[in-house]
Amino acid sequence: MGSTLAKPSLRPPFHLLAGAGPTTSRAPSLPSSSLSIPSPPSFMVDYLVDRLGYPKDKALAASKPLLRVTSPEKPDAVLDFLRRRAGLSIPQLHRFVRCRPSILNADVPSNLLPKLSLFHSLLSDVGASPDDLPSKDLAALVSTCASAFGYSAARLGPALDFLRSLLAGDNRKAASALRRCPRLLTNDPKKVLARNLAVLRRRSLDVAALVEKAPVVLILSPERLDSTFRIVEKELNIDNASVDGYFDAVYVGTSMSEEAFKNKLGMLRSYGFSNAELFTLIRRAPPFFRLTDEHMKKKLEFFIRTLGYTPQSLLWNTWQLLFSLETKLLPRYELLRGLQSRKLLPGDFKYAKAFVMPQERFNQEYVYKFKDGSGSDLVESYMNSPAFRKSSPEDDSGSI
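What counts, and where the lines are drawn
- Residues numbered from 1 in each chain as written.
- Predicted model: local features only at pLDDT ≥ 70, side-chain atom pairs only at ≥ 80, totals over all residues.
- Heavy atoms only, no water.
- Helix = DSSP H or I, 4+ residues; strand = E, 2+ residues; numbered from the N terminus.
- Buried < 20%, exposed > 50% of the residue type's maximum accessible area, 1.4 Å probe, protein only.
- Contact = heavy atoms within 4.5 Å.
- Areas by Shrake-Rupley, 256 points an atom, 1.4 Å probe, with all protein chains shown as cover.
- Salt bridge = Lys/Arg side-chain N within 4 Å of Asp/Glu carboxyl O.
- Phe/Tyr/Trp six-rings, centres within 6.5 Å; stacked < 30°, edge-to-face > 60°.
- Lys NZ or Arg CZ within 6 Å of the ring centre and 35° of its normal.
- Arc of directions from axis to C-beta.
- Expected span 1.5 Å × (residues − 1).
- pLDDT = per-residue confidence, 0-100.
- Polar contact = N/O pair within 3.5 Å; in protein donor to acceptor, adjacent residues only side chain to side chain.

### Comments concerning the overall build of the protein chain
Part 1 of the reasoning: In terms of helices and strands, the protein chain carries 23 helices and 0 strands.
Part 2 of the reasoning: Per-residue burial over the protein chain gives 43% buried out of 400 residues.
Part 3 of the reasoning: Long-range pairs, those at least 24 residues apart, make up 70% of the contacts in the protein chain with a sequence separation of at least 6.
Part 4 of the reasoning: Here the protein chain has roughly 21300 Å² of accessible surface; of this, 52% comes from carbon and sulfur atoms.

### Some points on the pattern of salt bridges
Part 1 of the reasoning: Summed over all chains, the structure comprises 15 salt bridges.
Part 2 of the reasoning: Among the salt bridges present, the one from Arg337 reaches Glu334, with a minimum N-O distance of 2.7 Å. Here Arg337 pairs with Glu334, and both are found in helix α19 (residues 325-341), just 3 residues apart, close to one helical turn.
Part 3 of the reasoning: The partly exposed category is assigned to Arg337, whose relative accessible area is 39%.
Part 4 of the reasoning: Residue Glu365 pairs with Lys369 through a salt bridge whose shortest N-O separation is 3.9 Å.
Part 5 of the reasoning: Residue classification places Glu365 among the partly exposed positions, given a relative accessible area of 30%.

### Let's talk about the packing of aromatic side chains
Part 1 of the reasoning: Under the criterion given, the structure shown has 19 aromatic pairs.
Part 2 of the reasoning: Considering the side-chain rings of Phe349 and Tyr351, the 5.5 Å spacing of their centres and the 90° angle between planes classify their relative orientation as edge-to-face. In this structure, Phe349 and Tyr351 share a single accessibility class: buried.
Part 3 of the reasoning: Ring centres of Tyr382 and Phe388 lie 6.2 Å apart, and the angle between their planes is 80°; on these two criteria the pair is classed as edge-to-face.
Part 4 of the reasoning: Chaining the aromatic ring pairs together yields one cluster made of Phe302, Phe303, Tyr309, Tyr333, Phe349, Tyr351, Phe355, Phe362, Tyr366, Tyr368, Tyr382 and Phe388.
Part 5 of the reasoning: Cation over ring: Lys328 sits above Phe323, and NZ or CZ is 4.7 Å from the ring centre.
Part 6 of the reasoning: For Arg332, the ring lying beneath its charged end belongs to Phe362, and the centroid distance is 4.1 Å.

### As for the environment of Ser376
Part 1 of the reasoning: The topology assignment puts Ser376 in helix α22 (residues 376-383).
Part 2 of the reasoning: Among the residues examined, Ser376 registers a relative accessible area of 29% and is labelled partly exposed.
Part 3 of the reasoning: Sequence spacing of Ser376 and Leu339 is 37 residues, and the spatial spacing of their C-alpha atoms is 9.7 Å.
Part 4 of the reasoning: If near-sequence neighbours (up to four positions away) are discounted, Ser376 is found in contact with Phe370 and Lys371.

### Some points on unusual backbone geometry
Part 1 of the reasoning: Of note in this structure, Ala168 is not a glycine but carries a positive phi near 55°.
Part 2 of the reasoning: Within the element layout of this structure, Ala168 appears in the loop between α9 (153-166) and α10 (171-180).
Part 3 of the reasoning: Relative accessible area serves as the criterion here: at 73%, Ala168 is assigned to the exposed category.

### So, helix α6 (residues 90-99)
Part 1 of the reasoning: Those residues of α6 not exposed but buried are Gln92, Leu93, Phe96 and Val97. For α6, the angular spread of the buried residues around the axis is 130°, confining them to a single face.
Part 2 of the reasoning: Buried residues in α6 make contact with α3 (43-52), α5 (73-84) and α8 (136-144).

### Quick notes on α9
Part 1 of the reasoning: In this model, α9 (14 residues) spans 20 Å end to end at C-alpha, consistent with the 20 Å of a helix rising 1.5 Å per residue.
Part 2 of the reasoning: Residues of α9 that are buried: Leu156, Gly157, Ala159, Leu160, Phe162, Leu163, Arg164 and Leu166.
Part 3 of the reasoning: For α9, the elements touching its buried residues are α7 (108-121), α10, α11 (189-202) and α12 (207-213).
Part 4 of the reasoning: Backbone geometry just after α9 places Ala168 at a positive phi near 55°.

### Looking at the confidence of the model for the protein chain
Part 1 of the reasoning: Per-residue pLDDT for the protein chain averages 84, and the proportion of residues at 70 or more is 84%.
Part 2 of the reasoning: Every residue in residues 32-38 scores below 50 in pLDDT, and together they form 6 contacts with partners more than four places removed in sequence or on other chains.
Part 3 of the reasoning: Within the model, the stretch residues 391-397 combines pLDDT values under 50 with 15 contacts to residues more than four positions away or in other chains.

### Topic: the side chain of Ser385
Part 1 of the reasoning: Summarising the element assignment, Ser385 is placed in the loop between α22 and α23 (386-389).
Part 2 of the reasoning: Overall, the relative accessible area of 12% leaves Ser385 in the buried class.
Part 3 of the reasoning: Here the side chain of Ser385 touches Tyr382 through a polar contact of 2.6 Å, landing on its backbone oxygen.

Following this line, the structure appears as structure tokens:
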């Protein structure tokens, strides 16, 4: 841990102080900017670099609300509390502090402990006790809701009670809603949350079911709520909220602007998707709609134009749409197409099955088996690609 750096002297240079007496003319004054010397970094800059591995520039930015902290006692106590009592892993701890740097100056008993108790109460229905070792569920909830730790427990408690009441006291559902929309805790339940609840009830909706699916509806502006419902009903030609998939469509619609949602639906229709197929896609692969338009189009071109899928056949394996095109799908396709062109795979080979295979199984079936022989150059090229080194599928990097 770096020690506190001594402040440099701001005393002017010696030749400005060494006048020759009253008869000697004063040395010409220099602009004040030329005399200013940057203050040394605060104690917390060194602390963030040494204890949490921050880059120096990030530490400088994060230390601004912590300039008065000059010893490690409070920050050490906070980090110890978050690790031991909340169960945060090192990566979770880093994300927590990045979100709320001022937490390092908080008092543990009076400030942090009451807030942690609120989160712990959400896990009480599964037999958890405050004296138990912290669970992964608690750590995930706390790290996701880091922003809430900037508010008092007295402010957070009513919002949590409101959410519990709305979900019929189901703590698990309340915890799930908070993990997906932490801002539920930091909005005033008597204003924002109650206002939106009234808006939803006027539409004769099953509010609890909608909040489970799309908890963000409780914090949107009334105008944004209306526009989301309008586009779901108008663009997808729905006039009844009981239609299967309605809440799924609202959930997707709340994640983007009305214009963006319209554009994505229009793009999918240009590739032959009907309203019924759009509903199925929304239900089965909502993350696909969070890709940028460019990435969506590239994937649709690949599956429909290159591979000849129909929208209906694509919906049988929507998992494929969530894989990275550049680091998974295209490298596998090039290898398989090459093997097929050399008669090493049947002409009616099904790509979909190979795309969804776990990495190790794919390697066994289509890489190691052809490492020697006429497909060796294709296999070597694949083994030098990022796809071969990926141990698990990941969402595409082109998400919004």
